[in-house]
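# Analysis of the macromolecular model
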Amino acid sequence: IAGRRKVREIWIANDIDSADVIDDIRELAADSRVQVVDVARKKIELTARSEAPQGVIAFAAPLPEADFDELLKPRNGVNPFLVALDGVTDPGNLGALLRCCDGAGVTGVILPKHRSVHITPTAAKAAAGAIEHLDIAVVPGLPNAMERMKKARVWTIGLDDDADRTLFEIGDLATDPVCVILGAEGKGVSRLVRERCDMVVAIPMQGQLSSLNVSVAGALATYEILRNRQG
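The structure reproduced in this document is the subject of the present report. Fair warning: this is a prediction, and the values are worked out from it, not measured in the lab.

## What about the sheet that holds strand β2 (residues 35–39)?
- On the basis of which strands lie adjacent, the open sheet formed by three strands has the order β2-β1-β3 and mixed pairing. Of all the strands in the sheet, the pair left with one neighbour each is β2 and β3 (56–60). Adjacent strand axes in the sheet meet at a mean angle of 20°, parallel and antiparallel pairs treated alike.
- In this structure, strand β1 (residues 7–13) lies alongside β2, joined through five bridges in parallel fashion. Bridge pairing links Trp11 to Val37 in β2.
- In this fold helix α1 (residues 20–31) packs onto β1, β2 and β3, with an angle of close to 150° to the strand it touches most, β1.

## Observations regarding the pairing of β1
- Two strands pair when backbone bridges link them, and β1 and β3 are joined in this way by five bridges, in the antiparallel orientation. Residue pairing in the sheet places Ile10 in a bridge with Ala58 of β3.
- The β-α-β motif built from β1, the intervening α1 and the parallel element β2 has right-handed crossover chirality.

## Some words on the pairing of strand β10 (residues 199–202)
- Every second residue of β10 is oriented toward a common face, with Met199 and Val201 on one face and Val200 and Ala202 on the other, all of them buried.
- When strand β7 (residues 155–159) meets β10, the two strands line up parallel, connected through three bridges. Across the sheet, Gly158 pairs through a bridge with Val200, a residue of β10.
- The pairing of strand β8 (residues 165–166) with β10 spans two bridges and is classified as parallel. For Arg165, the partnering residue across the bridge sits in β10 and is Val201.

## Section: the pattern of salt bridges
- Counting across every chain of the model gives 11 salt bridges.
- Among the ionic pairs, Glu132 bridges to Arg5, the shortest N-O distance being 2.5 Å. Of the two residues, Glu132 is situated in the loop between α5 (121–127) and β6 (136–139) and Arg5 in the segment before β1; the sequence distance between them amounts to 127 residues.
- Note that Arg165 and Glu169 form a salt bridge whose closest N and O atoms lie 3.7 Å from each other.

## Some words on the side chain of Asp160
- By the element assignment, Asp160 lies in the loop between β7 and β8.
- One polar contact links Asp160 to Arg194, side chain to side chain, over a distance of 3.0 Å.
- Not counting residues up to four positions away in its chain, the partners in contact with Asp160 are Val189, Arg194, Val200, Val201 and Ala202.

## A few points about the environment of Glu147
- Note that Glu147 resides in helix α6 (residues 142–151).
- For Glu147, a relative accessible area of 34% puts it in the partly exposed group.
- Between the C-alpha atoms of Glu147 and Leu111, which are 36 residues apart in sequence, the distance is 15 Å.

Cut-off values and rules
- Residue indices begin from 1 for each chain and proceed along its sequence in written order.
- Only residues with pLDDT of at least 70 are given local features in this predicted model, and only at 80 or more are side-chain atom pairs given and counted; all residues enter the totals for whole chains, interfaces and linings.
- Heavy atoms throughout the structure, all of them, feed into the side-chain values; hydrogens and water do not.
- Pairing between strands requires that DSSP locate at least two bridges from one strand to the other.
- By the criteria applied, helices consist of DSSP H or I runs no shorter than four residues and strands consist of E runs no shorter than two, each listed in order from the N terminus.
- Here, axes are lines fitted to C-alpha atoms. For helices the fit covers the stretch in contact, and angles between N-to-C directions go from 0 to 180 degrees.
- Note on contacts: a residue pair is in contact if any heavy atoms of the two residues lie within 4.5 Å.
- Clockwise travel from the first strand over the helix to the second, with the strands pointing away from the viewer, marks a crossover as right-handed.
- Each residue gets one of three labels from its accessible area relative to the maximum for its type: buried under 20%, exposed over 50%, partly exposed in between, using a 1.4 Å probe on protein chains only.
- By definition here, a salt bridge exists when the distance from a side-chain nitrogen of Lys or Arg to a carboxyl oxygen of Asp or Glu is within 4 Å.
- In the analysis that follows, any N or O atom pair within 3.5 Å is treated as a polar contact, provided that within protein one partner can donate a hydrogen and the other can accept it, and provided that, for residues neighboring in sequence, both atoms belong to side chains.

Just geometry here; none of it tells us what the structure is for.
Here you go:
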C-alpha cells in the first residue's frame, strides 16, 4: 500500500480461512501485478522468520534507508519530530514502538548501527505495517548524531527513570524540532547519551514498579509531544 518498495511475490496458505483482508491482499496484488501463489501452510511456516506466521508471506525488496540529515529538516511546514533508540535490542519492542511512532506522527526514527536492534521479521510483524510508512535512518553512533542534531537546532530529550523533571514538563519544547531518546529497559540511556541531552525527563510512576516497557514509554512520550503540538 505504501508503495515504497517492490513486492516480488506473495504466498498465501491454501487452507487459510476466507476473510475480507485476504480478498484485499489478492486485489491489491492484482492491481500491482504481483504474483500470488497458494502454497501449503507448512511451507510458509518453514520459510517465515517470525513466530506464529498467520498464513501470508510477501517477498519484497529491502526497506529504503532514510538520509539522516534530511530528517533534521522541516517537511511540509512540520518541524522534525524524531525518536532515537539507545541500546534497545528486542525486536518485538522495536516493532511495537514503530507502530506507536506512526500513530503519533513521528517524522523519523534513528537507530544506531551497533548494539541496537534493526528491522527483523519479528520487528516488522510487531510493527503491523508501520515500517512501510516511517523514515528510518541508521547512524554510526548516537552521541555523534546528537551533535549533528544540536547543530541543526533539534532539541534532544532523553527518558530516564532518575531524571528530576517529568515528561509533563516538556511544554513548548515539543513544538520545536525535537528528538526523543529512549534507552534499553533496566539500563536506560547510556551515560554519553544522557550527558548530551538538552533535557532529561522521567515518566511519573505512581505504583510499586519503577519503569515501563520501552515501547510503552515511547508511546507515552510521543503522544505527549503530539498533545503539546496540537494544543
